[in-house]
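# Working through the structure, step by step
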Amino acid sequence: MNVCIVGTGYVGLVTAACLSEMGNHVRCVDKSAQVVETLRAGRIHIFEPGLEELVRRNTAEGRLTFTTSLDDGLSFDGDGAEFAFICVGTPSGEDGVCDLCFVDAVAEEIGRTVSRPLIVVNKSTVPVGTADRVRGILDRELAARGLTLDVDVVSNPEFLKEGDAVKDFMKPDRVIVGTENQKSAEMLKALYAPFARSREKLIIMGVRSAEMTKYAANCMLATKISFINEVANICERVGADVSEVRLGIGSDHRIGYDFIYPGVGYGGSCFPKDVKAFLGTAREAGYEAALIDAVDQVNTRQKQVLAEKVIKHFEPLGGVAGKTLAVWGLAFKANTDDIREAPALAIINELSARGMRVRAFDPVARERAAGELSGNALVELVANQYEALDGADALAVVTDWNQFRNPDFAGMARKLAGRVIFDGRNLYQPELLARFGLKHYGIGR
C-alpha cells in the first residue's frame with residue numbers, strides 16, 4: 001500500500017519505519033528541510049532504540065522516502081496514497097486544553113491538495129470530536145475547490161512507549177480504529193494484518209470512543225503511578241517499605257506489577273499533557289474529574305520529593321547553598337532523550353534556586369538538556385557518570401538507565417565527599433550501600 005505520513009516525530013517516524021518494514025511504500029512529509037535531509041541520509045533526529053536501523057534499511061531499499069511537499073507525499077509519482085496519517089504535535093495550552101493548530105493546518109493542506117479518494121488517519125493524540133473537526137475542514141476545503149471526493153477520516157490512536165516504541169508497533173497489544181465506514185475498516189485491517197499474525201488485534205469502534213480510549217488509557221496508567229507514589233509517601237511516615245508493599249499488591253492479578261514502581265513522578269510527552277487535556281475535555285463537558293485532577297496534583301508534588309530529601313539532609317550541615325549535587329539521569333525515563341516534563345529538571349531547578357551547584361550526567365539526553373539548562377550558571381553537564389561525582393557532596397539518581405543499576409560503589413564512595421545517595425528510582429539496597437559507607441535515601445522506604 002501507499003502511505004503518506006505527515007510529521008516525523010516519535011509517532012510519525014516509528015509508524016513510517018514499521019509500515020515500510022512490512023513492505024509498504026511510505027512517504028514522510030515534514031516542513032523542516034534539515035530534518036528531511038537528515039532522514040534521507042539514514043540518520044534520525046530523535047533517540048529511539050532500533051529505529052535508526054529500520055529507517056536506514058528501508059530508505060536504502062526505496063520503500064521509505066522523505067519530502068517537504070504534501071503534494072509529493074500524496075501523489076507517489078502518479079499513484080495516489082491510500083492513507084494519509086496525521087502525526088503532528090498536539091501541545092497543551094496554558095489552560096490544559098489541547099492545541100489543535102497543527103492538526104488543523106494539516107487537514108487544511110490535505111483539503112487543498114488531495115485529488116483522489118483517501119483515508120485520513122488521525123494518529124495524533126486529540127480530544128474527543130477531533131475527527132469530526134478534521135472532516136469539517138476537509139469538506140470545506142474540497143467545496144472551495146468544487147470537488148466531491150471519497151475522503152474519510154478515522155481515528156487510530158497510538159499506544160507507543162518511548163524507549164520501546166518499535167517493539168510496541170511491531171507487536172501491539174491492540175490496534176484501535178474508530179470508524180463507521182466498513183470500507184475504511186477493511187483497508188486498515190489489511191494494512192495492520194502483518195502486525196497481528198498470531199491473533200486478531202484490530203478493535204473497531206466508534207470514532208469518539210477511539211479518541212476517548214487513548215486518553216482513558218494514559219490517564220489510567222498515570223493514576224497507577226501517582227497511586228503508588230502516594231503509598232510510598234505514606235510508607236515512609238508509618239515505617240513500611242513500599243518495595244515490599246508493591247510485591248504484595250502486584251501479585252493480585254487485578255492490580256499487576258506494571259506501572260506501580262514508586263519514584264520521582266512521571267514526565268515525557270504523553271502522560272502530563274494527556275492528563276491535562278483529559279481534564280480540559282471533562283471541564284468543557286461540564287464535569288469535574290476529581291480523581292484525574294488529584295493524579296495531576298500528586299505527580300506535581302512527587303517531582304519535588306527528592307529535592308525535599310536533599311534539603312532536609314543538608315539543613316543541619318548549613319543548608320544546600322554552596323554544596324554540589326551530582327545527578328545521574330536527565331531524560332524523563334531510560335532509553336529516550338526526551339526531557340519534556342522530566343522530573344530531573346524540576347529537581348535541578350529547585351535546588352539550584354537555593355544556591356546548590358549541580359553536576360549532571362545522562363548517556364543520551366545531555367544535548368537536549370543543555371539547551372534547557374543553558375541559562376543556569378550553577379549547572380554543569382559532564383560526559384561521564386563518574387566524573388559527575390568528583391568532590392560532590394551527594395548523588396541523586398533520577399533516571400533508571402541500566403548503567404546506573406550496578407555501578408562501582410567502592411569508587412563512588414571514594415569520589416563522593418558527602419557519601420550520600422538519594423535514590424529516586426529505588427535501584428539500590430540500603431544494606432549493600434552501607435557496606436561501602438554510603439548513606440541511602442530511597443522513595444517510600
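Structure shown above.
Now for a quick tour of the structure. Here the structure is a predicted model, which means the values were calculated and not measured. (Residues numbered from 1 in each chain as written. Predicted model: local features only at pLDDT ≥ 70, side-chain atom pairs only at ≥ 80, totals over all residues. Heavy atoms only, no water.)

### Examining the overall build of the chain
- A count of helices and strands for the chain gives 17 helices and 14 strands.
- The C-alpha radius of gyration of the chain comes to 24 Å, within 12% of the 22 Å expected for a compact globule of 445 residues.
- Counting only C-alpha atoms and orienting by the principal axes, one finds that the chain spans roughly 75 × 45 × 40 Å.
- Residues counted as buried form 56% of the 445 residues belonging to the chain.
- Across the chain, the fraction of contacts at a sequence separation of at least 24, relative to all contacts at a separation of at least 6, is 73%.
- If you sum the accessible surface of the chain, you get close to 19400 Å²; carbon and sulfur atoms cover 51% of it. (Helix = DSSP H or I, 4+ residues; strand = E, 2+ residues; numbered from the N terminus. Rg over C-alpha atoms; globule rule 2.2 N^0.38 Å. Buried < 20%, exposed > 50% of the residue type's maximum accessible area, 1.4 Å probe, protein only. Contact = heavy atoms within 4.5 Å. Areas by Shrake-Rupley, 256 points an atom, 1.4 Å probe, with all protein chains shown as cover.)

### Things to note about the sheet that holds strand 11 (residues 379–381)
- One open sheet holds the 6 strands; their spatial order is 11-10-9-12-13-14, and the pairing between them is parallel. For this open sheet the edge positions go to strand 11 and strand 14 (439–441), each flanked by a neighbour on one side alone. Sheet twist, expressed as the average angle between the axes of neighbouring strands with direction ignored, equals 20 degrees.
- Bridge analysis of strand 12 (residues 394–397) against strand 13 (residues 420–423) gives 3 bridges, and the strand direction is parallel. When the sheet's bridge partners are listed, Val 397 is paired in strand 13 with Asp 423.
- Running at roughly 155 degrees to strand 13, helix 13 (residues 305–314) makes contact with strand 12, strand 13 and strand 14 of the sheet. (Pairing = 2+ DSSP bridges. Axes fitted to C-alpha atoms, helices over the stretch in contact; angles between N-to-C directions.)

### Examining the nonpolar core
- Of all hydrophobic cores here, the largest spans 61 residues; its most connected members are Trp 328, Leu 395, Ile 421 and Tyr 428.
- Of all the elements, helix 13 adds the most residues to this core, at 6 residues.
- In this view, Tyr 428 contacts Trp 328, Val 397, Phe 404, Arg 405, Pro 407, Phe 409, Ile 421, Asp 423, Leu 433, His 440 and Arg 445; residues no more than four positions away in its chain are not counted.
- Formed by 43 residues, the second largest nonpolar core is a distinct cluster that contains Cys 98, Val 114, Ala 277 and Val 295. (Core = buried A, V, L, I, M, F, W, Y, C linked by side-chain atoms within 4.5 Å.)

### Quick notes on helix 2 (residues 33–40)
- Of all the positions in helix 2, only Val 35, Val 36, Thr 38 and Leu 39 are classed as buried. The buried residues of helix 2 all sit within an arc of 160 degrees when viewed along its axis, so they share a single face.
- Looking one or two places after helix 2, you find Gly 42, whose phi comes out positive at around 85 degrees. (Arc of directions from axis to C-beta.)

### Some details on unusual backbone geometry
- A positive phi angle, close to 65 degrees, is found at Asn 335, a residue other than glycine.
- You can see Asn 335 is positioned in the loop between strand 9 (324–328) and helix 14 (343–353).
- Phi is positive for Asn 426, close to 50 degrees, though the residue is something other than glycine.

### Let's talk about the packing of helix 1 (residues 10–21) against helix 3 (residues 51–60)
- Taken N-terminus to C-terminus, the directions of helix 1 and helix 3 make an angle of 55 degrees; their axes are 9 Å apart at the nearest point. With respect to their mutual orientation, helix 1 and helix 3 come out oblique. When the axes of helix 1 and helix 3 are compared, the crossing they make is left-handed. Judged by residue contacts, Leu 13, Val 14, Ala 17, Cys 18, Ser 20 and Glu 21 of helix 1 engage Leu 51, Leu 54, Val 55, Arg 57 and Asn 58 from helix 3.
- Residue classes in the contact of helix 1 with helix 3 are distributed as 7 nonpolar, 2 polar and 2 charged. (Parallel < 35°, antiparallel > 145°, perpendicular 65-115°, else oblique. Left-handed = near helix turned anticlockwise from the far one by under 90°. Nonpolar A, V, L, I, M, F, W, Y, C, P; charged D, E, K, R; others polar.)

### Notes on the pattern of salt bridges
- For the coordinates displayed, the defined rule picks out 30 salt bridges.
- The shortest N-O distance in the salt bridge between Glu 380 and Arg 359 comes to 3.5 Å. Of this pair, Glu 380 sits in strand 11 while Arg 359 sits in strand 10 (residues 357–361), and the two are 21 residues apart along the sequence.
- In the salt-bridge network here, residues are joined through shared partners; they are Asp 132, Arg 135, Asp 152 and Arg 208. (Salt bridge = Lys/Arg side-chain N within 4 Å of Asp/Glu carboxyl O.)

### Considering the state of the cysteines
- Going through the model one piece at a time under the given rule, you end up with 0 disulfides.
- Cys 28 supplies the cysteine sulfur nearest to Cys 87, a cysteine that is in no disulfide, at a spacing of 8.3 Å.
- According to the relative accessible area criterion, Cys 87 is buried, its value standing at 7%.
- Among the cysteines around Cys 219, which has no disulfide bond, Cys 270 carries the closest sulfur, lying 11 Å off.
- Residue Cys 219 is classed as buried on the basis of its relative accessible area, which comes to 3%. (Disulfide = S-S within 2.5 Å.)

### Details of the side chain of Asn 229
- Relative to the helices and strands, Asn 229 resides in helix 9 (residues 207–238).
- Judged by its relative accessible area of 1%, Asn 229 falls in the buried class.

### Let's talk about the layout of surface pockets
- A volume near 1200 Å³ is recorded for the second largest pocket.
- Lining the second largest pocket are 48 residues, with Cys 87, Val 88, Gly 89, Thr 90 and Arg 340 sitting closest to its centre.
- Of all the secondary-structure elements, those providing two or more residues to the lining of the second largest pocket are helix 1, helix 5 (101–113) and helix 11 (271–284).
- If one sorts the elements of the lining of the second largest pocket by residue count, helix 5 sits on top with 4 residues.
- Considered class by class, the residues forming the lining of the second largest pocket number 17 nonpolar, 15 polar and 16 charged. (1 Å grid on protein atoms, 1.4 Å probe; cavity = no way out; pocket = protein on both sides within 12 Å on 5 of 7 lines; lining within 4 Å. Points joined across faces, edges and corners; volume = space filled by probe spheres on them.)

### Overview of the packing of aromatic side chains
- In the structure shown here, the tally under the stated rule is 13 aromatic pairs.
- Taking 6.3 Å as the distance between ring centres and 50 degrees as the angle between the ring planes, the aromatic pair formed by Phe 83 and Phe 85 counts as tilted. The pair Phe 83 / Phe 85 is uniform in exposure class, with both members buried.
- Between Trp 328 and Phe 404, the ring centres sit 5.0 Å apart and the planes meet at 25 degrees, which makes this aromatic pair stacked. In this pair, Trp 328 sits in strand 9 while Phe 404 sits in the loop between strand 12 and helix 16 (409–415), placing the two residues 76 residues apart along the sequence.
- Given the relative accessible area of 0%, Trp 328 is considered buried. (Phe/Tyr/Trp six-rings, centres within 6.5 Å; stacked < 30°, edge-to-face > 60°.)

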